[in-house]
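# Overview (structure and organization)
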There are 2 protein chains.
Amino acid sequence: MTTPELEELARRVRAASRVVARASGPVRDDALRMAADLLEEEWSALVDVNRGDLARAESAGMAASAQDRLRLTEARVRAMAAGLRGVARLADPVGEVLDGWVRPNGLRVSRVRVPLGVVGVIYENRPNVTSDAAGLCLKAGNAAFLRGSASALDSNRAIVALLRRAASKAGLPEDAVALVEDTSHETAVAFMRLRGLVDCLIPRGGPSLIASLLEHATVPYVLDGDGNCHVYVDATADLSMALDIVVNAKTHRFGVCNAAETILVHAAVAEAFLPTMASALTGAGVELRGDERVRAILPGTAVAEETDFATEFLAPIVAVGVVDDLDGAIEHITRYSSGHSEAIVTTEVRAADRFVAEVDAAAVLVNASTRFIDGEELGLGAEVGISTQKLHARGPMGVRELTSVKWVVRGDGQVRE
Amino acid sequence: MTTPELEELARRVRAASRVVARASGPVRDDALRMAADLLEEEWSALVDVNRGDLARAESAGMAASAQDRLRLTEARVRAMAAGLRGVARLADPVGEVLDGWVRPNGLRVSRVRVPLGVVGVIYENRPNVTSDAAGLCLKAGNAAFLRGSASALDSNRAIVALLRRAASKAGLPEDAVALVEDTSHETAVAFMRLRGLVDCLIPRGGPSLIASLLEHATVPYVLDGDGNCHVYVDATADLSMALDIVVNAKTHRFGVCNAAETILVHAAVAEAFLPTMASALTGAGVELRGDERVRAILPGTAVAEETDFATEFLAPIVAVGVVDDLDGAIEHITRYSSGHSEAIVTTEVRAADRFVAEVDAAAVLVNASTRFIDGEELGLGAEVGISTQKLHARGPMGVRELTSVKWVVRGDGQVRE
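These numbers come from a predicted model, not from an experiment. (Residues numbered from 1 in each chain as written. Chains lettered and ligands numbered in written order. Predicted model: local features only at pLDDT ≥ 70, side-chain atom pairs only at ≥ 80, totals over all residues.)

Let us look at the overall build of chain A. Summing up its helical and strand segments, chain A has 16 helices and 16 strands in all. For chain A, the C-alpha radius of gyration of 24 Å lies close to 22 Å, the compact-globule estimate for 417 residues. Residue burial in chain A is summarised as follows: out of 417 residues, 53% are buried. The long-range fraction of contacts in chain A, counting pairs at least 24 apart against all pairs at least 6 apart in sequence, stands at 72%. (Helix = DSSP H or I, 4+ residues; strand = E, 2+ residues; numbered from the N terminus. Rg over C-alpha atoms; globule rule 2.2 N^0.38 Å. Buried ≥ 20, exposed ≤ 12 C-beta atoms within 10 Å, placed from the backbone. Contact = placed C-beta atoms within 7 Å.)

Written out as structure tokens, the structure is:
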């Protein structure tokens, strides 16, 4: 696909986005429900197409875990349909009046939530992202411009075809959902440079995608960031609560961005807490890596190097450190945190308040597991990612984060003096 | 200045930003008021220093209009001080609770407004921006990392020295305000790449700065965009109101982004309106460039080429077109608008509502001059720029747009099932 061809497609998506932006909420919701119906009707055909992608992936030597992400099953297709129906049930973000006031000269000012326009999504090989992302985009009044991975191309094509049929049945243009079928690196770079045609780009992928984006993108983007998350067990923590939270944050799922990667323990409770914690984590198959003070209490624990504290393991490994006090914990977190989700376990109000105020992260938690930092768990209904940047969206991004704002000013002939 | 030296300075600013973020509102306001006092005490010394910058600018052949932007006078320094006092009086945006709710499992969720951290500002040669931008940054709990133009270097140095003294007197670190004194292009590019050290970059400058930013920046930025603004005079407009609005939007100030650059007139009122409008604008020294239908009514008017409709003149020139109807006006605006501020003059509710809904711009106005799209005029107190992008901030950016959000989740031991 040449860049002019990509731009021509982008112009069609952009034209479609204007129609979607003006469509009523019920029409956009209809498109989502019709897409859900089609997914359920066609699940078996989708699984067949996906089998082809899987066979190619296998013969290309794709890792088993990646093959699993690529796989569609009846249950997974039905979950995609249920996801779309759930998004359709959310309140319509478009048209929400954020605030408004009257100026002394009588001008009535309001700020109204509006769609972004064209939202581009570059994503990994999970085909369910195709319908999840498109559903959230349409719900927020946007066109979805999708670029999935080469390995899932046939699956994505088939899903996008259904989504386009559903859009059309609901009275929206087919180009409200479009797939870039050329999965070359050159086209990905050209995609990142569609300034003026794509209003917002959401990359979901690893460090090489992010690096490429930082280097090449001219369209605005929101980064879905890494989570090097900490749980800090304070001197006054209820140690039984702390154990539950640490075990849940670390072991509930290993490969997720809101899993804990480092546990920090106040020196005053280190001897009481660390042995219990170690046996619980070890029992769950987790390897501990400790600093010197941890190893003095838990001899035989592997050494935590500086790099361990800086690593998002996404694996059954945890770094553990002992700190002198709350200041030590905050300093450690300030140094190593990726700014995702940080938790304190404490019974002391002042420690909780200082942790909340001084730790700089998308989310801070008091006496709760980091695993709750997730759009669904926090009540957003669905999420398109979790932002660790500070502009536009920070933390879980739901449909609201796929919108912009418009100033509306109404007068009766006012001119500026 | 080498890149490591710039990074070392950025690290100091970043450390300072943490202190500013935790400082109370009254302490930050004190810093602004003390800076205002110092500016007023030292106005004469500042004007002296500025004279040196001006002399160099003149011998380098700087245009008179640019020299005027560079010039400090007693009145301008006092206006800078008054600006800081005005910002100090604004409500503190830091700590505002945006919303919050309780989850079924008892988790209490809230979203709280927090500072961005380090805000970088790259700006043109107006030295007042140094105190204006620093004031807004401090008000929002951020450190201000400034990079002005070479021609204003001595003036900026002197102003920043005062701002740093004021910060220090108020109990904040001096590095809460810092100036990059190396004004080379290389250092500007290095500045745009301080990812992890600068949280947000606000470029204020021309097309070459924006192009450089799109190519090189790795830090998130908010663009202060061009304004190719339109006034559309509908068939049902009160023509006397329309004349006032058109004249105000075009002639109140020529060199500003919210000035009108194209006037569109409904065919039904073109004959009644265009002659009066033309004589009023011509009388104000404005050159009209019209399309064919305009020239049929106003023979002798210069031809408006396609490029004229696409141009932000920032000058006493205006493009004029006749359209068949509201759809024609919306189509024209969709094609040529830079997404800044767009106005309709009409008495018909339906036309007003459609214009508001269908025109995609940061601001839409009904029966009011585009000149009102400005932070001060809309009641924000002060502005750091006007964004024409859709992410993070759109339209006038005040202190609120210099903040981010933090999710605060409080529980009593909740873990994820």
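Moving on: the interface of chain A and chain B. Across the boundary between the two partners, chain A contributes 55 residues, which contact 55 residues of chain B. For the side of chain A that touches chain B, the elements supplying multiple residues, two or more each, are α10 (239-251), α15 (349-358), β13 (363-368), α16 (375-378) and β16 (403-414) of chain A. A per-class count over the side of chain A that touches chain B returns 27 nonpolar, 14 polar and 14 charged. Pairing of β13 of chain A with strand β16 (residues 403-414) of chain B, which is carried by 5 bridges, proceeds in the parallel orientation. Across the sheet, residue A368 of chain A finds its bridge partner in β16 of chain B, namely Q414 of chain B. (Nonpolar A, V, L, I, M, F, W, Y, C, P; charged D, E, K, R; others polar. Pairing = 2+ DSSP bridges.)

This brings us to the packing of α10 of chain A against helix α11 (residues 267-283) of chain A. Residue and element names in this part refer to chain A. Look at α10 against α11: their axes get within 10 Å of each other, and the N-to-C directions meet at 40°. Taken together, the axes of α10 and α11 are oblique relative to one another. Every pair of crossing elements has a handedness; the one defined by α10 and α11 is right-handed. Listed contacts from α11 to L239, A242, L243, V246, V247 and K250 of α10 are V269, A272, F273, T276, M277, A280 and L281. A breakdown of the residues in the contact of α10 with α11 according to their chemical character gives 11 nonpolar, 1 polar and 1 charged. (Axes fitted to C-alpha atoms, helices over the stretch in contact; angles between N-to-C directions. Parallel < 35°, antiparallel > 145°, perpendicular 65-115°, else oblique. Left-handed = near helix turned anticlockwise from the far one by under 90°.)

Moving on, we get to the packing of helix α3 (residues 43-59) of chain A against helix α5 (residues 74-89) of chain A. Residue and element names in this part refer to chain A. Interhelical geometry of α3 versus α5 gives an angle of 120° and a closest axis separation of 9 Å. In this view, α3 runs oblique relative to α5, as classed from their interaxial angle. In the crossing of α3 with α5, the sense of the turn from one axis to the other is right-handed. Residues W43, L46 and V47 of α3 pack against E74, V77 and R78 of α5. Split by residue class, the contact of α3 with α5 holds 4 nonpolar, no polar and 2 charged.

Per the domain assignment, the segments making up chain A are domain 1 (3-223 + 396-409) and domain 2 (229-377). Spacing between the C-alpha centres of domain 1 of chain A and domain 2 of chain A amounts to 35 Å. (Domains from an automatic or database assignment.)

So, about the pairing of strand β4 (residues 143-147) of chain B. Every regular strand shows the same layout, with side chains that alternate between the two sheet faces. Residues and elements named next belong to chain B. Counting buried positions along β4 gives 5 out of 5 residues, so the element sits mostly inside the fold. Going residue by residue along β4, you find A143, F145 and R147 tucked away on one face and A144 and L146 tucked away on the opposite face as well. As paired strands, strand β3 (residues 118-122) and β4 are joined by 5 bridges and run parallel to one another. Bridge pairing links V119 to A144 in β4. Regarding the hand of the β-α-β motif, the stretch spanning β3, helix α6 (residues 128-139) and β4 is right-handed. In this sheet, strand β5 (residues 177-179) lies alongside β4 in parallel orientation, the contact comprising 3 bridges. Paired with L146 across the bridge in β5 is L179. (Right-handed = clockwise from strand over helix to strand, strands pointing away.)

Moving on, we get to the sheet that holds strand β5 (residues 177-179) of chain A. All names here are of chain A. Pairing within the open sheet is parallel, and its 4 strands lie in the order β5-β4-β3-β6. One side of each edge strand has no neighbouring strand; the edge strands of this open sheet are β5 and β6 (200-203). Here the strands of the sheet are splayed against their neighbours by 20° on average, with no regard to which way each runs. Those strands touched by helix α1 (residues 3-22) are β3 (118-122), β4 (143-147) and β5, and its axis lies near 150° from that of β4. Along the sheet face, helix α8 (residues 185-192) touches β3, β4 and β6 and points at about 150° away from the line of β3.

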